[in-house]
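Overview (structure and organization)
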Amino acid sequence: MVRFIIRRLVSLVVVLFSLSVLVFVLQRVGNADPVRAYLGPNASQAAIAATRIKFGLDKPLIVQYFDYLGGLFHGDLGMSYSTRRPVAVELADKVPATLELAAWVLFFAIILAVILAGIYTLKGPVSGVIRFVFFSFASAPSFLLATLMLLLFFKQLHWFPAVGRITDTSGGGPTGFYVLDGLLTGNLAYSLDAIQHLVLPALAASLGIGVALARVLADGLSSGMASNYARTARSLAETERSILFRHSLRNASSPALSMLGVLSGAMLSSLVVVEQIFSWNGLGQYLSTAIASADFPAVAGVSLVLGAVYVILTAIVDVVLALVDPRVKLT
Amino acid sequence: MTPQVLDVREMSISYGSRVPALLAVSGVSFSVESGQCLGVVGESGSGKSTTGLAIQGLLTRDPSVSATGSLTIAGTELNPVVERGWEGIRGRTVTTVFQDPMSSLDPTMTIGRMLTFVAGSKAESLRWLDEVEIRDPAAVFRSYPHQLSGGMRQRVMIALALARRPALLVADEPTTALDVSVQAQILKLLRREQEALGCGIVFVTHDLGVAKAMCDEVVVMRNGCIVERGTSARVFGAPESEYARRLMESRLTMATDRHRPVGLPEATVVNAMVESLNEGRAETATTTVDAVTAEWNARSLLWSDFAPADVGEVSVPPGASPGAAPIAALEFTAVTKSYPTGGGIARLKTVLSEVSLRVEKRESVALVGESGSGKSTILRIAAGLESASGGSVQRSDVDADAVQVIFQDAGASLTPWLTVEQLLTERVRNSKRGGKVSAKDAARLVGLAMDRVSLDRALLTSKPSQLSGGQRQRVAIARAIVIPPTILLCDEPTSALDVSIASTVLNLLNLLRHALGISVLFVTHDLAAARVISDRILVISEGQIIESVPAENVSSTVSSDYARRLLDAVLS
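Basis of the calculations
- Residues numbered from 1 in each chain as written.
- Chains lettered and ligands numbered in written order.
- Predicted model: local features only at pLDDT ≥ 70, side-chain atom pairs only at ≥ 80, totals over all residues.
- Heavy atoms only, no water.
- Pairing = 2+ DSSP bridges.
- Helix = DSSP H or I, 4+ residues; strand = E, 2+ residues; numbered from the N terminus.
- Axes fitted to C-alpha atoms, helices over the stretch in contact; angles between N-to-C directions.
- Salt bridge = Lys/Arg side-chain N within 4 Å of Asp/Glu carboxyl O.
- Expected span 1.5 Å × (residues − 1).
- Bend = angle between axes of the 7 residues up to and from the residue.
- Buried < 20%, exposed > 50% of the residue type's maximum accessible area, 1.4 Å probe, protein only.
- Domains from an automatic or database assignment.
- Contact = heavy atoms within 4.5 Å.
- Buried area = accessible area lost by both parts, 1.4 Å probe.
- Polar contact = N/O pair within 3.5 Å; in protein donor to acceptor, adjacent residues only side chain to side chain.
- Phe/Tyr/Trp six-rings, centres within 6.5 Å; stacked < 30°, edge-to-face > 60°.
- Lys NZ or Arg CZ within 6 Å of the ring centre and 35° of its normal.
- Parallel < 35°, antiparallel > 145°, perpendicular 65-115°, else oblique.
- Left-handed = near helix turned anticlockwise from the far one by under 90°.
- Nonpolar A, V, L, I, M, F, W, Y, C, P; charged D, E, K, R; others polar.

What follows concerns the sheet that holds strand S14 (residues 390–395) of chain B. The strands making up a sheet associate through backbone hydrogen bonding, with each pair oriented either parallel or antiparallel. Residue and element names in this part refer to chain B. One open sheet accounts for three strands, arranged S12-S11-S14; its pairing is antiparallel. Each edge of the sheet is formed by a strand with only one pairing partner; in this case those strands are strand S12 (348–359) and S14. Taken pair by pair, the neighbouring strands of this sheet meet at an average axis angle of 25°, ignoring direction. The pairing of strand S11 (residues 330–340) with S12 spans eight bridges and is antiparallel.

Below, the structure written as structure tokens:
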């Protein structure tokens, strides 16, 4: 276990380091001038030269990179060119927003996958419908689903709000995770409001993942139900439902979990789109603004955070895999 | 009078999902009393497995299966394809020990959790583990299936099946996937438990030796029908039906005559023999199918009859002076092999240590050992599929391609999208002189190889999936000998085959090695098969060759305990 943690920490460092190099190089190769982005189009030549020195852009490239890297070690992600505030401060309330949404997306996706795959495998009257769902929803892009949901649940039915993370923006709490904050401060109405805001964007982002996951899970469950251990269970008088949940589900979850690890990467990028549509004040929205204004420190900051989140997510998936399947050893 | 626990009357079962609909079991009747063991014996496709599934109530989920006739278990009349009535019977009155204990136990569940589900309590589970002679019940209770050996897993399977004290136990090939020495222990355990519980047993198997050792009564099935029934002693001693007689004759024991073809004359082998005898002879001197069959029946057909006339010249390589030691077909000198295991940097697992062996030209050597003994590793190194970590390997490839391999699972070793003709022609092309062979000559060689293994030339256009298991194994042999190699390496080529097909393959291999003068290295766990195919037997255990004995009188010459154990495991 200790070995596993050390290995994952090392891979975290390697991923973050490569990301920082990549983002840095990309920014330099691109044509956008960060100083112009910082000062605006009407700045004087003198001001541009002064800012260039202030940002250290006159130094050799390699020195610039190590200056940046040195800052990273102190938690300094640099100054945003467009807002002129430290990136670390700007991200402080964006990261919880996105992580909270991501957690709900994964939660919805897993629930959806287990329900769909379970119904499909037990061969009820609706398994034909589910087969149709498997094929149609897996290919539906999340922005389309998001728009459809807005039209239906917000515009027509008025069930859920469409914009933002919370109705009353004056409240708040220690963590920045609004549902959790509400619980911590004893303000249940606050939590409930946050959940209502979460439902639509989380659903929109989770449908595609959940259906893809359900297909893998359903495959595993069907072969599990036809397996020799299921036959043994049947010969020992277990019911079909018991075989499904006691034996097949656990055996089928290994490939589904590996799939989930891969999908969670795709989920993070699909959140960029979903956050735009629901005006969700998270990393995705921040990132698209930053890219548009050539705001290198901001883009780099978001990339590093997302990279770290991805590495941690895969580590969690591996731990769960080992818990589910005794043959898997954590290395 | 002992109560009847199972009564099957005129039971027929057909699978509607197959096209055309397959009548798997047709009008089968038998009964089992408490404390009795009935063997249901047959080859693949005989309907014995379907019969086994039907009496366990495991055919009720597939709507395409239909059945007629009656089935009564412990006084309850049941329909094998209707779920109603099975509740309370399946898993309680009738339970099962399945063939493959690895895949039949849920890999994600501890033995304890599985066993407690049927035994009721932890104490009772531990008592059952003790009952099936597991040495450390508490440790096994906490283990997962993959942490146990095959024999241990099968003991757990037996504990699971017996824990509810069934009136009827179905044993579905319970020892087929196990090593021979473990097999004997498991059979003994089943016998003892049967006496303790007094349950009836239906023992489904293709292995005649196991059936003979285990069963009081036997029914022999073929194509869904019972062709012979009677007490075990009578059926094995004096079989009445032609089919049962053929089956019994095909059975290999340590008393099988190794100088003659095994079993009764069979068209496939006889045709190949006639082909071989007539090759290169004048028209007037040819023999016929009838003549060979008569000779075989009269037990006057010897393998030595098939040796080519020019024996002497083959083994002396060109340029060798007379009297010099002949070059071996294959020689291992102090070969070692080790694999790195996961974990440490320098941790190595040694699978072969200092193995030296020599296979002369025209000699046939069998390598006998249990799984994990390193016998397959030797074969793979000999074939060049793996390289040795130390020592030297020499193959004689002076005048022919050095090695060809026949694997256990011929189906998997044939490329599925190529036709038989493409498979064989590809082998001709890939041989040493393949580039120079004209298309016409290649076709002639391929045709000849088909005759030698007695495959109809019409099958040349078939793909492996369209052939039966025995035919596939013969295609694999044809591919190996279409350009005769110096040495033919065989990795358990018969162990996945039915008894009668296995004896056909053994006969063909023996014919080819005598007629073509090929050396053979035959890897097997079955001492009886080894004795029939080889001149000399090497016994291997834990990566070392511990004994080398002539095949002629193995039983009297082996001296090591390990070889004795292997010998005892061959059921007489």
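Okay, the pattern of salt bridges next. Residues and elements named next belong to chain B. In the structure shown here, the tally under the stated rule is 33 salt bridges over all chains. One salt bridge connects Glu131 with Arg127, and the closest N-O pair in it is separated by 3.7 Å. Here Glu131 pairs with Arg127, and both are found in helix H3 (residues 122–131), just four residues apart, close to one helical turn. The closest approach of N and O atoms between Asp257 and Arg260, which form a salt bridge, is 2.5 Å. When salt bridges with common partners are traced through the structure, they connect Glu124, Arg127, Glu131, Glu133, Arg155, Arg192 and Glu193 into a single cluster.

Because the α-helix completes a turn every 3.6 residues, residues three or four places apart line up on one side. Residue and element names in this part refer to chain A. Here helix H10 (residues 188–225) is 38 residues long, yet its end C-alpha atoms lie only 43 Å apart, well below the 56 Å a rise of 1.5 Å per residue gives. The axis of H10 is deflected most strongly, by about 40°, at Ser206. When you tally the buried positions in H10, you get 27 out of 38 residues, the bulk of the element.

This part takes up the domain arrangement of chain A. On domain assignment, one finds that chain A holds domain 1 (2–86) and domain 2 (94–280). Between the C-alpha centres of domain 1 of chain A and domain 2 of chain A the distance comes to 36 Å.

Quick look at the interface of chain B and chain A now. Note on interface size: it is often stated as the accessible area lost on association of the parts. Counting from both sides, the interface comprises 24 residues of chain B and, opposite them, 17 residues of chain A. Considering only the surface of chain B that becomes buried against chain A, Arg61, Thr108 and Phe117 of chain B emerge as the three largest contributors, covering 26% of it. Put simply, chain B and chain A have one salt bridge between them. On inspection of chain B and its partner chain A, the count reaches eight residue pairs in polar contact (both at pLDDT 80 or more). Broken down by secondary-structure element, the contributors of at least two residues to the side of chain B that touches chain A are strand S6 (94–97), helix H2 (111–119) and helix H5 (150–162) of chain B. No other element matches H2 of chain B, which puts three residues into the side of chain B that touches chain A.

With that settled, consider the packing of aromatic side chains. For the structure on display, the rule yields six aromatic pairs over all chains. Seen from their ring centres, Phe153 of chain A and Trp159 of chain A are 5.6 Å apart, and the 35° between their planes marks the pair as tilted. When the centroid spacing of 5.9 Å and the interplanar angle of 50° are considered together, the rings of Trp303 of chain B and Phe306 of chain B count as tilted. Phe306 of chain B matches Trp303 of chain B in its accessibility class, with the two residues each being buried. Every member of this aromatic cluster is reached through a ring pair, and the members are Trp104, Phe107 and Phe108 of chain A. Across from the ring centre of Trp128 of chain B, 5.2 Å away, lies the NZ or CZ of Arg127 of chain B, which sits over that ring.

Residues and elements named next belong to chain A. Two numbers describe how helix H8 (residues 142–156) lies on helix H12 (residues 240–277): the axes approach to 9 Å, and their chain directions differ by 25°. With respect to their mutual orientation, H8 and H12 come out roughly parallel. In this structure, the crossing between H8 and H12 has a hand that is right-handed. Of H12, the residues touching H8 (which contributes Ser142, Phe143, Ala146, Thr147 and Leu150) are Ser270, Val273, Val274 and Ile277. Considering only residue class, the contact of H8 with H12 consists of six nonpolar, three polar and no charged.

We now examine the packing of helix H7 (residues 127–137) of chain A against H10 of chain A. All names here are of chain A. Running from N to C, H7 and H10 cross one another at 125°; their axes reach a closest spacing of 9 Å. As summarised for this structure, H7 and H10 are arranged oblique, according to the angle between their axes. When you trace H7 past H10, the crossing you get is left-handed. Between H7, through Val133, Phe134, Phe135 and Phe137, and H10, the contact on the second element is made entirely by Leu207, Gly208, Val211, Ala214, Arg215 and Ala218. Taken together, the residues that form the contact of H7 with H10 break down as eight nonpolar, one polar and one charged.

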